Amino acid sequence: MMKLRRGDILLIGIVLLCAIIFIIIRAFPNEVSDESHSKIATITVDGKIYRTVELTAEPQEIKVQTEDGHYNLLKVHDHGIEMIDADCPDKVCLTFGFITNPSQTIVCLPHRVLVEIENTNPKDQGDDLDAVVN
Amino acid sequence: MPSSIDTSAAMLKKTVMIAIFAAVAVVLSIIESMIPLPFSVPGAKLGLANIMVLTCLYFLNGKDTLMLIVLKTILTAFIFGTFSSFLFSFFGAIVSFVLMYGMMRLGRDFFSLISISIVGGIGHNIGQLTAAMIIFKTSKMFYYLPALLLTGVVTGIFIGLAVKYLISALSKLTLFQGWAVHE
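Quick notes on the rules
- Along each chain, numbering runs from 1 in the same order as the chain's sequence is written.
- Whichever chain is written first is A, and whichever ligand is written first is 1; the rest continue in order.
- Reporting in this predicted model follows two pLDDT cut-offs: at least 70 for local features of residues, and 80 or more for side-chain atom pairs to be given and counted; totals over whole chains, interfaces and linings ignore these cut-offs and use all residues.
- Calculated side-chain values reflect all of the structure's heavy atoms, with hydrogen atoms and water omitted.
- Helix and strand definitions here come from DSSP, where helices need a minimum of 4 consecutive H or I residues and strands a minimum of 2 consecutive E residues; each element is numbered from the N-terminal end.
- Each residue gets one of three labels from its accessible area relative to the maximum for its type: buried under 20%, exposed over 50%, partly exposed in between, using a 1.4 Å probe on protein chains only.
- In what follows, residue pairs with any heavy atoms lying within 4.5 Å of each other are defined as contacts.
- Using the Shrake-Rupley algorithm and a 1.4 Å probe, accessible areas are obtained, with residue cover drawn only from the displayed protein chains.
- A carboxyl oxygen of Asp or Glu within 4 Å of a side-chain nitrogen of Lys or Arg is what we treat as a salt bridge.
- A helix's residues, less one, multiplied by 1.5 Å, set its expected span.
- Here a polar contact is recorded for every N or O atom pair within 3.5 Å, except that within protein the pair must consist of a potential hydrogen donor and a potential acceptor, and residues adjacent in sequence are included only if both atoms are side-chain atoms.
- Strand pairing is defined by DSSP finding a minimum of two bridges between the two strands.
- Buried area is understood as the total, over both parts, of accessible area removed when two parts are fitted together, assessed with a 1.4 Å probe.
- Inter-axis angles, ranging from 0 to 180 degrees, are taken between N-to-C directions of lines fitted to C-alpha atoms, where helices are fitted over the stretch in contact.
- Roughly parallel means an angle under 35 degrees; roughly antiparallel means over 145; roughly perpendicular covers 65 to 115; every other angle is labelled oblique.
- Whether a crossing is left-handed or right-handed is set by the direction in which the near helix is turned from the far one by less than a right angle, anticlockwise for left-handed and clockwise for right-handed.
- Three classes are used, and their members are as follows: Ala, Val, Leu, Ile, Met, Phe, Trp, Tyr, Cys and Pro are nonpolar, Asp, Glu, Lys and Arg are charged, and the others, Gly among them, are polar.
- As used throughout, domain bounds are those supplied by an automatic or database domain assignment.

Participant: Got a minute to help me understand the overall build of chain A in this structure?
Facilitator: Scanning chain A from terminus to terminus reveals 1 helix and 8 strands. Sequence-ordered secondary structure for chain A, helices as α and strands as β, is α-β-β-β-β-β-β-β-β. With 134 residues in all, chain A has 39% of them scored as buried. Residue pairs at least 24 apart in sequence account for 34% of intrachain contacts in chain A once pairs closer than 6 positions are excluded. Carbon and sulfur atoms make up 57% of the accessible area of chain A, which totals about 7,500 Å².

Participant: Teacher, can you tell me more about the pattern of salt bridges here?
Facilitator: Pairing between side chains becomes possible if they bear opposite charge and their charged atoms approach one another. A full pass over the atoms with the stated rule returns 3 salt bridges over all chains. A:D46 serves as the salt-bridge partner of A:R112, at 3.6 Å between the closest nitrogen and oxygen. Linking A:R112 in the loop between strand 7 (105-108) and strand 8 (113-119) with A:D46 in the loop between strand 1 (39-45) and strand 2 (48-54), this pair joins segments that are 66 residues apart in sequence. Among the salt bridges present, the one from A:E116 reaches B:K140, with a minimum N-O distance of 3.7 Å. Placement of A:E116 in strand 8 and of B:K140 in the loop between helix 5 (113-136) and helix 6 (145-171) is noted, with the two residues assigned to different chains. We note that A:E116, like B:K140, is buried.

Participant: Can you help me understand helix 3 (residues 62-80) of chain B in this one?
Facilitator: In an α-helix there are 3.6 residues to a turn, and that puts residues three or four apart on one side. All names here are of chain B. Helix length check: helix 3 (19 residues) gives 27 Å between terminal C-alpha atoms against 27 Å at 1.5 Å per residue, within 8%. Of all the residues in helix 3, the buried ones are G62, D64, T65, L68, I69, K72, T73, T76 and A77. Near the N-terminus of helix 3, the side chain that reaches the backbone nitrogen of K63, with its oxygen 3.2 Å away, is that of N61.

Participant: I would appreciate a short explanation of the sheet that holds strand 6 (residues 98-99) of chain A in the present structure.
Facilitator: Through backbone hydrogen bonds, the strands of a sheet pair up, either in parallel or in antiparallel fashion. Spatial ordering of the open sheet is given by 3-4-5-6 (chain A), a layout of 4 strands whose pairing is antiparallel. Either end of the sheet is taken by a strand with one partner, and the two such strands are strand 3 (60-65) and strand 6 of chain A.

Participant: Looking at this model, I keep getting lost on unusual backbone geometry. Mind explaining?
Facilitator: A negative phi angle characterises most non-glycine residues, just as the trans form characterises most peptide bonds. All names here are of chain A. Non-glycine residue D78 carries a positive phi angle of around 45 degrees. Topologically, D78 is positioned in the loop between strand 4 (71-77) and strand 5 (80-86). At H79, a position not held by glycine, the phi torsion is positive, near 60 degrees. Mapped onto the elements of the fold, H79 is located in the loop between strand 4 and strand 5.

Participant: What should I look at first to understand the interface of chain B and chain A in this one?
Facilitator: Accessible area lost upon the coming together of the parts serves often as the stated size of an interface. With 42 residues of chain B in contact, the opposing surface of chain A contributes 40 residues. Taking both partners together, chain B and chain A bury about 3,600 Å²; carbon and sulfur atoms supply 68% of that area. Taken as a group, B:F136, B:K140 and B:Y143 account for 22% of the area that chain B buries against chain A, more than any other trio of residues on that side. Joining chain B to chain A, the criterion identifies 8 residue pairs in polar contact (both at pLDDT 80 or more).

Participant: What am I meant to see in the packing of helix 1 (residues 6-27) of chain A against helix 6 of chain B here?
Facilitator: The relative placement of two packed helices comes down to the angle between their axes together with the axis-to-axis distance. It is the contact of helix 1 of chain A with helix 6 of chain B, at a shortest axis distance of 8 Å, that shows an interaxial angle of 155 degrees. The orientation of helix 1 of chain A relative to helix 6 of chain B falls into the category roughly antiparallel. Read as a crossing pair, helix 1 of chain A and helix 6 of chain B show a hand that is left-handed. When helix 1 of chain A is examined against helix 6 of chain B, the residues A:I12, A:V15, A:L16, A:C18, A:A19, A:F22, A:I23 and A:R26 are found in contact with a partner set consisting of B:P146, B:L149, B:L150, B:V153 and B:I157. Taken together, the residues that form the contact of helix 1 of chain A with helix 6 of chain B break down as 12 nonpolar, no polar and 1 charged.

Participant: What is the right way to look at the domain arrangement of chain A in this model?
Facilitator: Parsing chain A into structural domains produces domain 1 (1-35) and domain 2 (38-123). Distance between the C-alpha centres of domain 1 of chain A and domain 2 of chain A: 28 Å.

Participant: Sorry, what's going on with the sheet that holds strand 2 of chain A here?
Facilitator: Residues and elements named next belong to chain A. Across the sheet, which stays open at both edges, the 4 strands sit in the order 2-1-8-7 with antiparallel pairing between neighbours. Two strands bound the open sheet, and with one partner strand each, they are strand 2 and strand 7. The sheet shows a mean angle of 20 degrees between the axes of neighbouring strands, direction not considered.

Participant: Would you explain the packing of helix 2 (residues 49-59) of chain B against helix 3 of chain B in this entry?
Facilitator: Residues and elements named next belong to chain B. Relative orientation of the contacting elements helix 2 and helix 3 amounts to 160 degrees, with a least axis distance of 8 Å. On the basis of the axis angle, helix 2 is roughly antiparallel to helix 3. Between helix 2 and helix 3 lies a crossing whose hand is right-handed. When helix 2 is examined against helix 3, the residues A49, M52, V53, C56 and L57 are found in contact with a partner set consisting of G62, D64, T65, L68, I69 and K72. Within the contact of helix 2 with helix 3, the residues separate by chemical class into 7 nonpolar, 2 polar and 2 charged.

Take a look at the structure:
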């Protein structure tokens, strides 16, 4: 068994601390997105807006067809959206799970598909710190 | 001219070693894709191929390791990638390589292979997120970074241990004698 050096313990500690601080910071703000706000999801393929869809409680499925014949299957339900199927090689997009919050995204790198959530409430908290440039 | 024969033999040996390491790295990537992870963190992976990158960094030099990474990334992209996924993994692999190479060169007294493999894994994640940020023009993907830091520490520890065992096993082979430049 190998011994950990001082630097190892320091490094692991710093990385864990960073992760925990990020998670704690994130837990406090923008918990306003509950069911009373209507939200929309913007689906972008290769930088171009493919479709926007309202995140309804009723289930509906959206098939994203990329130009080279591939697909991503999204499902809207319970005011959120999730990727349920795709024919991309790595299937990383399926691991994003069910998202409901504007800070969350679903990304399919191989197909360049991006799903973002936005609050449509006029006086939303403006928690989009990130500039979205299209 | 015994010396020139020696150098060309050493060159050949090195080339063969890079090729074997790259082949093993690709096989490890394939095996990795068959192992389901118990947690669903987008972008998290075991990083088994990093075992070969670190081993190469240990026995050979930075230039050879860069060659290994280019080979491995191109081969993996041919097997299960698209051009986009190649760009992302290449970017991740380069960031990961630069960080590990720097630590291998400068921080060997302070850090063990475990730290280097953790930094390599996290560097790969950060590189991919940065590439995604550039392509998609949004930094929202960094939302997943904290979770990736946690999984990166766990997988990095195991990859580092695996490298440690592999290096001590390989060092016993006559083929690798006189190659370990770092200790």
